[in-house]
Amino acid sequence: MKLHEVYSKRIFGEHGIPIPSGDLARTAPEAEKIAKKIGFPVVIKSQVLVGGRGKAGGIRVAKNAAEAKQHAQDILDLTIKGLPVRMVLVDKAADIKTEIYLGITNDRAARKPVMMASAAGGVDIEEVARKTPEKIIKCHIDPLMGLKSYQSRDLAAGIDLPREHWAAFGKIAFGLWEAYQDSDATLAEINPLVITGGGELLAVDGKMVLDDNALFRHLDLEELRDLDVDQEAEIRARENGLSFIKLGGDIGCMVNGAGLAMTTMDIIKLFGGEPANFLDIGGGASADKVAAALEIILSDPNVKAVLFNIFGGITRCDLVARGILDALEEVKTDVPMVVRLVGTNASEGQQLLKDANMETADTLAEAAQKAVAAAKGN
Amino acid sequence: MKLHEVYSKRIFGEHGIPIPSGDLARTAPEAEKIAKKIGFPVVIKSQVLVGGRGKAGGIRVAKNAAEAKQHAQDILDLTIKGLPVRMVLVDKAADIKTEIYLGITNDRAARKPVMMASAAGGVDIEEVARKTPEKIIKCHIDPLMGLKSYQSRDLAAGIDLPREHWAAFGKIAFGLWEAYQDSDATLAEINPLVITGGGELLAVDGKMVLDDNALFRHLDLEELRDLDVDQEAEIRARENGLSFIKLGGDIGCMVNGAGLAMTTMDIIKLFGGEPANFLDIGGGASADKVAAALEIILSDPNVKAVLFNIFGGITRCDLVARGILDALEEVKTDVPMVVRLVGTNASEGQQLLKDANMETADTLAEAAQKAVAAAKGN
Amino acid sequence: MSILVNKNTRLLVQGITGQEGIFHTEKMVEYGTRVVAGVTPGKGGEWVLNGKIPVFDSVKIAKNATGANTSVIFVPARFAADAMFEAADAGMELIICITEGVPVADMMRVRNFLDQKGVRLVGPNCPGLLTPGEAKAGIIPGNIAIPGSIGVVSRSGTLTYEVLYALKNLGLGVSTCVGIGGDPVNGTNFIDTLEMFQEDPDTEKIVLIGEIGGTDEEQAAEYISKYVTKPVASFIAGRTAPPGKRMGHAGAIVQGGTGLAEDKIRALEDAGVKVADHPEQIPELL
Amino acid sequence: MSILVNKNTRLLVQGITGQEGIFHTEKMVEYGTRVVAGVTPGKGGEWVLNGKIPVFDSVKIAKNATGANTSVIFVPARFAADAMFEAADAGMELIICITEGVPVADMMRVRNFLDQKGVRLVGPNCPGLLTPGEAKAGIIPGNIAIPGSIGVVSRSGTLTYEVLYALKNLGLGVSTCVGIGGDPVNGTNFIDTLEMFQEDPDTEKIVLIGEIGGTDEEQAAEYISKYVTKPVASFIAGRTAPPGKRMGHAGAIVQGGTGLAEDKIRALEDAGVKVADHPEQIPELL
C-alpha cells in the first residue's frame, strides 16, 4: 500500500527527520489559510499516488496569498494520469542548495533491508540506478541488529557528503530506518533530501510503501489508504479477501492461486482469447467469497464468457461449486460459463455443477478452448 | 544500581504490567491521604534497599485511616539494617490467592538474559533455587530476537499455571522483558506475582537492578538512586569516578585496577596487616582524581598508613605522582605513606616522589611489608 | 527414495485445531503420513481425529512426548513467525509453513534465526511436500500424484497440482513434489531443491515450475547448467501478466526489465531446459 | 612464535585521535608494532604522530587503503559496541577492545554478532595483547616483559603487569601475554587462550591470573586437567574481598557460595596447577 507524500513525511517527522512545516488542504481557501500561517514562499503539491506530478503541473510555488489560493485551485482541478487531485500539501518552500537521495527497500536476494544513498538526488533514482549505478551507495541492514552508526557514516562518506552534515545525516538515516521498520514498510525514501542555504538537512519529498501483509499491525496507517488508485472492482475484491486486477479482454477468470490464475490467462491467450481479469480467490474460499468474486467478474460489461479453474488444495471444490450456484441464483446472467474443478472433493463439486446443467471441462487446455469458443459465441 | 520497589513497579506499570494502585509518602499524613484516596485495606511498605523488610516490621496492613497514619509513622521511624526509612509506599492491598515468581537476569555463561518462573513465589527465591532447583523453570532469551510468545507459554506450562491465566501471564512476561531491556537492567523481578481472588494477575512486589555502565542512557533513572545505601565516602568516590569500598582495617590503599587493588588487600593481609579500603583509581587517572582519592582515604580516622600501588598501563605514573603531591599539599597529614610506582613513565613519577622525600618501594611484597610496619608504628 | 519427507517422517502439526489445520491433518493421516502430534497453545491434553492424535501446548512438549522431527504450520499469518521460531528452537529438523500472508519483515527475522540454527524451512505461502505413496506434509492433494522418478519443484501452489495431475494422467510418477512458495523471503529455494534432486538416486528427471518476478528462475538456470545432469522440464507462469501489477503473490511483480517471463524462459532454455507453453505439455517434454 | 599478534600484524587503532588513543598509539609504534592506520569518524584525511599514521573516517576505508587486519579500540564506552560491530563488519580478523564500562546488554549483542561472523574479540575492559619483542596491541607497558617461552593469560589489568614485571626481574621471558578482561560478557576466555598456548610450539609454560567472581577459573581448571600438558602456574586475586561487594570489575562480585577465591584455587590445584600466595611468587612456581 502506497502512502501519500504528506503521510510519509509525517511518519518521517515522528522519527526525528526534519521536514518542512506544512499542512494538508482539500480546498483552495484552506490552502491559502495554511500558506498565510506558515509564511511565503510556499510549495503547493498535489497528493496523488503517481509519478510525474511536477511535469503535470501538480507542484507550484506561491509567493503570496493570492497565488497560493489560485495555484491550489488550479491543482485541485487537475486529474493526473487518470487520478483526480483531491488534496494538496502546502509546504514552506525550502532554500535548496544541494539535493541528495536516501532510501530503504528490501533486497530479496540478500534477505535484508538495504539502505541506499546518492549525491544525485531530486531526480528519478531508478534512472540513476540504471545509467550510473556507481552513483548509488548501498548498505545492507541486519534485520536483527538494525542500522549501525558506522553504516550511516559509510553512506555519508560514500556520497562525499561534507563532514559538517554527517551528524544530521546520521540522525536522518536512523529515523528513516526506524520509520521503515516500525511501519513494516517495503520502501521508504526521501528524494530529495536537501541541504538548505542555511546548512540544514530537510526531507522535502517522501514516499513510503507498506507491506500489505503487515497492515494488521498498523490499522491506523491502513486508514490512510487512497482508494482512488484502485478501481471500484478491485476495492470490492479486497473487501472480500480476493485478489483482482482488471485487464482488457472478454473472458472472465476465477482461479484459485496466483500462479494458476496467471497460467489461466496465459493459456486463454495461447488459444486465441483475451482474459478480462486476473482473479485469485485464494485458499480456503467460502461460498460467499466465490459468490462475491463472480459478481465482481460479471460487473465488467466486456465479459462474454467466464472460466472457472479451481484446483483444490486448501480450497475444497464442493464449497466452490456451492458458491458458484449460490452466486448464480443472486446474479442472474446469460454469460456462458465453463467450469473446471480438480482436486480435493472435486467429484462432489463437479456432480453439483452437472446437476445444475453447467458446462465442465477436465483439462486446462480443454477448459480454455471451450471458454474462448464461448466468448466468440460458438 | 538498585531501584526501590516503587520505582521498579512504576517501570513495570509503564510496560503494561498490572500493579496495585498506590503512591509514595514521606510523612504519615501523606500516607493517610493516599490510603483514603485508594481505599482500604492498604499495605504500607518501607522503601529501603535491603531484604527482610517484613520481618523488621517494615510492611504493615492498615484497615482504616487511623491505622494507616499510625503504621506509616511507625515505619518511617524505623531504621532497617542500618538504613533509615525515608519513604513508604502505600498500595491497595491485593486479595492474594496464589503467589508466583517471575524474573530476568543475565546468564554470564550463556551470554544471554534468562527468564525464570516458579510456582513457589512470595518467598526467598534464592532459597528455592538452592533447595529445589527443579521448581524454577528457566528460559534463555536471544538478545537480538527478544522474548518469544512460545517461551512465555513454555514458562507458564512449566509452572503449571492454569490455562485461563496464560494470556495475562504472557503480557506480563513481555512487559518484564521490555522493562528489563529498555532500562538496561541486570535484574528485574516480580515476587510475588499474585493471582487474586478475582482471577487477575498483579505484580505486588518488584525489584530492578540497573547496569551502572549503561546509566548514561538512563539519566532519568539515575536520579532515583538511593544514596542511603552508600556511605558518604563511597558517594564522593563515585562523584570523582573512583571505585571505593570501606573495609575494617587500618592500612589505606590506593591502587589502579580492580584486580591489583584486591591483590594489594590480599598481600597486606598475607603480611599481617588489615586493609582499610578497596580503592581503584581506574585508568587514565588525573592528578585531581588522585587527590580526591587520597582525601577519601584519609577521611577514615582508622587509617594509620597509606599504601599507593600504581602499576602504569593507561595510568601514567608521573601524573599519579603529581596527584599525590598536589593532594598532600591540600590535605596536610602525618599519616605515613609508602608509594610503589611501576610501568609507564614510572621513573619520572618515582623521581618526583623521591624529590619530595617520600618512602618508595620496588616490589609489591616490599611495599606491603613497609606499609604494615608503618601502620604498627614501626 | 525421495527427499525431505518419507514414511519415516514423524510429523507434527502446528495449529492442528484450526479449521484448515484439522482438515488437512485428516487428509495427511488418510494418506498414510505419520502425524504423531499436534500443537495448539492452550489446548494441550486434548485429542483430535477421534482420539488418534494428541494435542500439546508447545512444540517442545510435543517433541519430548512423541519424537516428532518435522513440523507443518497452519497457524494464522500474524502468529506464523512465532510458530517457526518455536519449531526451530524446539529442534525440529524440517519446518514447512503453509500459511500465506506472513509479513516480509517477520520472514527476514525468521530466516536469520533459522540460518543460525541450521534448520531447513519450506515456505511460507506454499503447498508443502508430497512424496507419493509415503507421506505428505502440507496441502497437496494426495490423489493427484503417483510414486515415480520425477522430482517436481514449484514456486506456485495450485499450478503445481496441474502439473502433478497432468503427469499422473499419463502414468508418470513423482519421487517428491516440493512447493517452495512464492514469497519474496522464504526458506528452501529452487537451487536447494535441485541439489537434493540431483543427489537423490531415485529421482531421474526434474520439473521446475516458476513464475514472473524476482530472479530465482535465472539463478536456477545458472545452477542447472553447472551442476544438474538430470533432464529438466519447466513452465513459467505469467507471460501475459501486465508489467507493474501485483498478481496475488508478493513475488509476482514485474518491475522494469527484470522478472519478466521471457527472460526466465530464455535463461532456462539456454541452460538446456525444455520450457512448456502450458503446464499440461510438461509430460511430453520429459 | 606467539599467539594472536606478532610482527606481521597490521594494526588499526579505532579512536586514534582521542587522548588515550594517541598516547598508546605512540607507545605501540615505539615498541615496533606495525600500526598502519587510525580511525576517527569525521577526521579522515588527517595524519597523526608527525605524519606517520593516516586517519580514516571508517574501518572499511582504512582497511581498503592499508590492509589492516587487526583493530584495537580506544573509543568511549558508549561508542564501543558500534566500533566493534564496525570492525567485524569491515573484516578485521581480530578485535581488541580496551574500553572499560561497556554496558553488558551491548556486549551480549556484540558477542552474538561476532560469533555469527566468526571474528575473534579480546576484551572489552582489558589491557590487550603483548608479544614481547614483536608487537603490542593495547596498553601493556612494553618495557616490563622480555621475549621468552611463558604464555600469560589474565582477567585482570594491572595485576598482569605485576606478573610480567616479576617474571622479567628474574630473567624469564614471555611468548605472548593476553589480557582477556574481567567483564561478565566478553570475547576470548581462559579456555580459548589455553588452547592456543597449548598448540603454540614456542610456549613452554603458562601463567593464568584470575580473580573472584564467575566460574571461569573453575572451567579453565577442568580444561587444563583434560587438555593442557604444559605446566601452569596461577594467582587468584580477591581472597580477602568481603562477599557481596562489587570490587571494581563487573565480574568481581562474590555471590553466595560461588565465585569465591578458595573454590577457584582448590579447582586449579586439583587440576595440577601451582597457585601462588602473591603474584611475585609466580616465577618461583614455574
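Predicted model, so just to flag it, every value in this text is computed and none were measured.

So, about the overall build of chain A. Scanning chain A from terminus to terminus reveals 13 helices and 19 strands. Taken over 378 residues, chain A has a buried fraction of 57%. Counting only contacts in chain A whose residues sit at least 6 apart along the sequence, the fraction spanning at least 24 positions is 67%. When the accessible surface of chain A is summed, it comes to about 15,300 Å², and 48% of that surface belongs to carbon and sulfur atoms. Distance between charge centres in chain A, computed from 44 positive and 54 negative side chains, equals 5 Å.

This part is about the environment of Leu-268 of chain C. Residues and elements named next belong to chain C. Inspection of the secondary structure assignment puts Leu-268 in helix α8 (residues 261–270). Sequence spacing of Leu-268 and Thr-229 is 39 residues, and the spatial spacing of their C-alpha atoms is 14 Å. Not counting the four nearest positions on each side in its chain, Leu-268 is found in contact with Glu-217, Ala-221, Ile-224, Ser-234, Ile-236, Val-273 and Val-275.

As a further point, take the interface of chain C and chain A. In this assembly, 58 residues from chain C lie in contact with 51 residues from chain A. Carbon and sulfur atoms supply 60% of the area that chain C and chain A bury against each other, a total of about 4,200 Å² over both sides. Where chain C packs against chain A, one counts three salt bridges. Of the charged contacts, one joins Glu-280 of chain C and Arg-340 of chain A as a salt bridge, the two residues approaching to 3.8 Å between their closest N and O atoms. Taken together, chain C and chain A are joined by nine residue pairs in polar contact (both at pLDDT 80 or more). Listing elements by their share of the side of chain C that touches chain A, those giving two or more residues are α1 (19–31), α4 (104–117), α5 (158–169) and β13 (232–237) of chain C. The greatest single-element share of the side of chain C that touches chain A, amounting to eight residues, is contributed by α4 of chain C. Tallied by class, residues from the side of chain C that touches chain A come to 24 nonpolar, 17 polar and 17 charged.

Our focus in this paragraph is the confidence of the model for chain C. In the predicted model, chain C carries a mean pLDDT of 91, and 94% of its residues have values of at least 70. The ipTM assigned to the predicted complex is 0.83, against a pTM of 0.86.

Listed by partner, the interface residues are 14 residues for chain C and 12 residues for chain B. Summed over both sides, the interface between chain C and chain B buries roughly 1,200 Å², with carbon and sulfur atoms accounting for 49% of that surface. Linking chain C with chain B are four salt bridges, by the criterion used here. Linking Arg-163 of chain B and Asp-57 of chain C is a salt bridge whose minimum nitrogen-to-oxygen distance equals 2.7 Å. Taken together, the links from chain C to chain B amount to nine residue pairs in polar contact (both at pLDDT 80 or more). Secondary-structure elements contributing two or more residues to the side of chain C that touches chain B are α2 (59–66), α3 (77–89) and α4 of chain C. For the side of chain C that touches chain B, the element with the highest residue contribution is α3 of chain C, accounting for four residues. Looking at the side of chain C that touches chain B, its residues break down into four nonpolar, three polar and seven charged.

Below, the discussion takes up the sheet that holds strand β12 (residues 205–211) of chain D. Think of a sheet as strands paired side by side through backbone hydrogen bonds, with each pair either parallel or antiparallel. One open sheet holds the seven strands; their spatial order is β9-β8-β11-β10-β12-β13-β14 (chain D), and the pairing between them is mixed. Single-partner strands in this sheet number two, and they are β9 (135–138) and β14 (274–275) of chain D. Relative to β14 of chain D, strand β13 (residues 232–237) of chain D is paired through two bridges, and the arrangement is parallel. Bridge pairing in β14 of chain D places Ser-234 of chain D opposite Val-275 of chain D. Packed onto the sheet, helix α9 (residues 258–270) of chain B meets β12 and β13 of chain D and runs at close to 85° relative to β13 of chain D. Each of β12, β13 and β14 of chain D touches helix α8 (residues 261–270) of chain D; the most contacted strand, β13 of chain D, lies at about 175° to it.

Looking now at the domain arrangement of chain A. How large an interface is tends to be reported as the accessible area lost when its parts come together. As assigned here, chain A comprises domain 1 (21–92), domain 2 (96–222) and domain 3 (231–375). Computed over C-alpha atoms, the centres of domain 1 of chain A and domain 2 of chain A are 26 Å apart.

Basis of the calculations
- Residues numbered from 1 in each chain as written.
- Chains lettered and ligands numbered in written order.
- Predicted model: local features only at pLDDT ≥ 70, side-chain atom pairs only at ≥ 80, totals over all residues.
- Heavy atoms only, no water.
- Helix = DSSP H or I, 4+ residues; strand = E, 2+ residues; numbered from the N terminus.
- Buried < 20%, exposed > 50% of the residue type's maximum accessible area, 1.4 Å probe, protein only.
- Contact = heavy atoms within 4.5 Å.
- Areas by Shrake-Rupley, 256 points an atom, 1.4 Å probe, with all protein chains shown as cover.
- Lys, Arg positive; Asp, Glu negative; His and termini not counted.
- Charge placed at Lys NZ, Arg CZ, Asp CG, Glu CD.
- Buried area = accessible area lost by both parts, 1.4 Å probe.
- Salt bridge = Lys/Arg side-chain N within 4 Å of Asp/Glu carboxyl O.
- Polar contact = N/O pair within 3.5 Å; in protein donor to acceptor, adjacent residues only side chain to side chain.
- Nonpolar A, V, L, I, M, F, W, Y, C, P; charged D, E, K, R; others polar.
- pLDDT = per-residue confidence, 0-100.
- Pairing = 2+ DSSP bridges.
- Axes fitted to C-alpha atoms, helices over the stretch in contact; angles between N-to-C directions.
- Domains from an automatic or database assignment.

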